[in-house]
Amino acid sequence: MTRQCGVAGPLVFAGLVESGRPGDTALAFSIGAVLMVAAGLVEAFFGVKAERKGLEDIAEPLSAARRPGG
């Protein structure tokens with residue numbers, strides 16, 4: 001799903017902006033703004049306080065994973 005949106009998004013936005021109609025351009029910018037607000041809300045709820053921390057302090061290294069049965 002992410003790949004399709006990653007490919008389709010620029011094509012859709014380019015088509016809207018290049019149409020020459022102010023309404024289409026406003027729609028493209030509005031969609032982008034709504035997506036940015038949604039991403040900010042997701043970060044606010046699920047984000048990790050990671051400033052000035054090493055990666056090992058945020059998540060356990062993959063090398064620390066235990067093997068099943070071992």
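Reference entry: report on the structure contained in this document. Just so it is clear, the model here is predicted, and its values are computed rather than measured.

Reading the values: rules and limits
Each residue is numbered by its place in its chain's sequence as written, counting from 1. Reporting in this predicted model follows two pLDDT cut-offs: at least 70 for local features of residues, and 80 or more for side-chain atom pairs to be given and counted; totals over whole chains, interfaces and linings ignore these cut-offs and use all residues. The basis for every side-chain value is the complete set of non-hydrogen atoms in the structure, without hydrogens or water. Segments assigned H or I by DSSP are reported as helices when at least four residues long, segments assigned E as strands when at least two residues long, and all are numbered from the N terminus. It is over C-alpha atoms that the radius of gyration is taken, and the globule rule equals 2.2 Å times the number of residues to the power 0.38. Summary of the burial criterion: residues with accessible area below 20% of their type's maximum are buried, those above 50% are exposed, and those between are partly exposed, where the area comes from a 1.4 Å probe applied to protein chains only. The Shrake-Rupley method, run with a 1.4 Å probe, gives the accessible areas here. Residue values count only the displayed protein chains as cover. To count toward a patch, a residue needs a relative accessible area over 30% and no salt bridge; like charges are then connected within 9 Å, while nonpolar side chains (Val, Leu, Ile, Met, Phe, Trp, Tyr) are connected within 5 Å. We define a salt bridge as a contact between a side-chain nitrogen of Lys or Arg and a carboxyl oxygen of Asp or Glu at a distance within 4 Å. One less than the number of residues in a helix, times 1.5 Å, gives the span that helix is expected to have. Contacts: residue pairs with any heavy atoms within 4.5 Å of one another. At every residue, the bend is computed as the angle between two fitted axes, covering the seven residues ending there and the seven beginning there respectively.

1. Some words on the overall build of the chain
- When helices and strands are tallied, the chain shows 3 helices and 0 strands.
- Each helix (α) and strand (β) of the chain, taken in turn from the N terminus, gives the series α-α-α.
- The C-alpha atoms of the chain give 20 Å as radius of gyration, which overshoots the globular expectation for 70 residues (11 Å, by more than 25%).
- Principal-axis analysis of the C-alpha atoms places the extent of the chain at approximately 65 × 30 × 15 Å.
- When burial is assessed residue by residue, the chain has 7% of its 70 residues classed as buried.
- Working note: accessible area of the chain is about 6,400 Å², and carbon and sulfur atoms make up 66% of it.

2. Concerning unusual backbone geometry
- Its identity is not glycine, yet Arg 52 carries a phi of approximately 60 degrees, on the positive side.
- Position of Arg 52 relative to the elements: it lies in the loop between α2 (22–46) and α3 (55–58).

3. Some remarks on a nonpolar patch on the surface
- A contiguous nonpolar patch, built from Val 37, Leu 41, Val 42, Phe 45 and Phe 46 and spanning about 600 Å² of accessible area, is present on the exposed surface.
- Here Leu 41 is to be found in helix α2.

4. What to know about α2
- Here α2 is 25 residues long and its end C-alpha atoms lie 36 Å apart, about the 36 Å a rise of 1.5 Å per residue gives.
- In this fold, the buried residues of α2 make contact with α1 (2–18).

5. Digging into α1
- Its 17 residues give α1 an end-to-end C-alpha distance of 24 Å, which sits within 8% of 24 Å, the value for a rise of 1.5 Å per residue.
- Of all the bends in α1, the greatest, near 30 degrees, is centred on Ala 8, and the proline Pro 10 appears no more than four residues after it.
- Phi turns positive, to about 85 degrees, at Gly 20, one or two residues after α1.

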